[in-house]
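Descriptive structure summary
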Amino acid sequence: MGADYYETAEKIAENRRLGRPDIGIGHNCVVEKAIIDKNARLGDGVQILDRNRGQNMDTDNFVIREGIVIVPKNALLPPGTVIG
C-alpha cells in the first residue's frame, strides 16, 4: 500500500467535514490475505478476514479473486466494514 501524495492539514480537515477516512489504514483494523492499492481509505475498525473466501466477488470498493481480497486504487471502505 502506498499513496501518490500526502494529505495536507486542510485535506484532513475536509475529510472530517465529509465523514471520509484519511488515506491509509485506520485505527484498530485487521487485514488478512489482502492487497491494498494506492490511495485507498480504510476507516477505523475495518476487518478484512481470511474466512471462507471460496467464491469470487465484485463490489464497488473491493474484489475477491481466488481467496484474495483486492482493494483497488482510490477505493474507500467505511469504518466498521467487515469482509470475510
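Look up a bit, the structure's there.
Residues numbered from 1 in each chain as written. Predicted model: local features only at pLDDT ≥ 70, side-chain atom pairs only at ≥ 80, totals over all residues. Heavy atoms only, no water.

**Some thoughts on the overall build of the protein**
Helix and strand counts for the protein come out as one helix and ten strands. Across the protein, helices and strands are ordered from the amino to the carboxyl terminus as α-β-β-β-β-β-β-β-β-β-β. Here the protein has a C-alpha radius of gyration of 13 Å; the compact-globule value for 84 residues is 12 Å, and the two agree. Once the C-alpha set of the protein is aligned to its principal axes, its extents read approximately 40 × 25 × 20 Å. By residue count, 29% of the 84 residues in the protein fall in the buried class. Counting contacts in the protein only where the partners sit at least 6 residues apart, residues at least 24 apart contribute 45% of the total. Looking at the protein, you have 11 positive and 12 negative side-chain charges, and the mean spots of the two groups are 1 Å apart. (Helix = DSSP H or I, 4+ residues; strand = E, 2+ residues; numbered from the N terminus. Rg over C-alpha atoms; globule rule 2.2 N^0.38 Å. Buried < 20%, exposed > 50% of the residue type's maximum accessible area, 1.4 Å probe, protein only. Contact = heavy atoms within 4.5 Å. Lys, Arg positive; Asp, Glu negative; His and termini not counted. Charge placed at Lys NZ, Arg CZ, Asp CG, Glu CD.)

**A few points about the pattern of salt bridges**
Tallying each qualifying case throughout the model produces seven salt bridges. For the salt bridge of Lys11 with Glu14, the shortest nitrogen-to-oxygen distance reads 3.9 Å. Here Lys11 pairs with Glu14, and both are found in helix α1 (residues 9–18), just three residues apart, close to one helical turn. The class of Lys11 is partly exposed, set by a relative accessible area of 42%. Beyond isolated ion pairs, a larger network of salt bridges with shared partners links Asp4, Lys38 and Lys73. (Salt bridge = Lys/Arg side-chain N within 4 Å of Asp/Glu carboxyl O.)

**Some points on the sheet that holds strand β7 (residues 63–65)**
An order of β3-β8-β7-β6 is seen for the four strands of this open sheet, with the pairing classed as mixed. Looking along the sheet, the strands with just one partner apiece sit at the ends: β3 (34–36) and β6 (57–58). The sheet contact formed by β3 and strand β8 (residues 68–71) spans three bridges and is parallel. Across the sheet, Ala34 pairs through a bridge with Val69, a residue of β8. (Pairing = 2+ DSSP bridges.)

**What to know about the environment of Glu32**
Among the secondary structure elements, Glu32 is positioned in the loop between β2 (30–31) and β3. Using a relative accessible area of 27% as the deciding quantity, one classes Glu32 as partly exposed. It is 9.3 Å that separates the C-alpha atoms of Glu32 and Gly84, two residues lying 52 residues apart in sequence. Leave out the neighbours within four places in its chain, and Glu32 touches Ile48, Leu49, Asp50, Arg51 and Arg53. Polar side-chain contacts of Glu32 include one of 3.3 Å to the side chain of Arg51. (Polar contact = N/O pair within 3.5 Å; in protein donor to acceptor, adjacent residues only side chain to side chain.)

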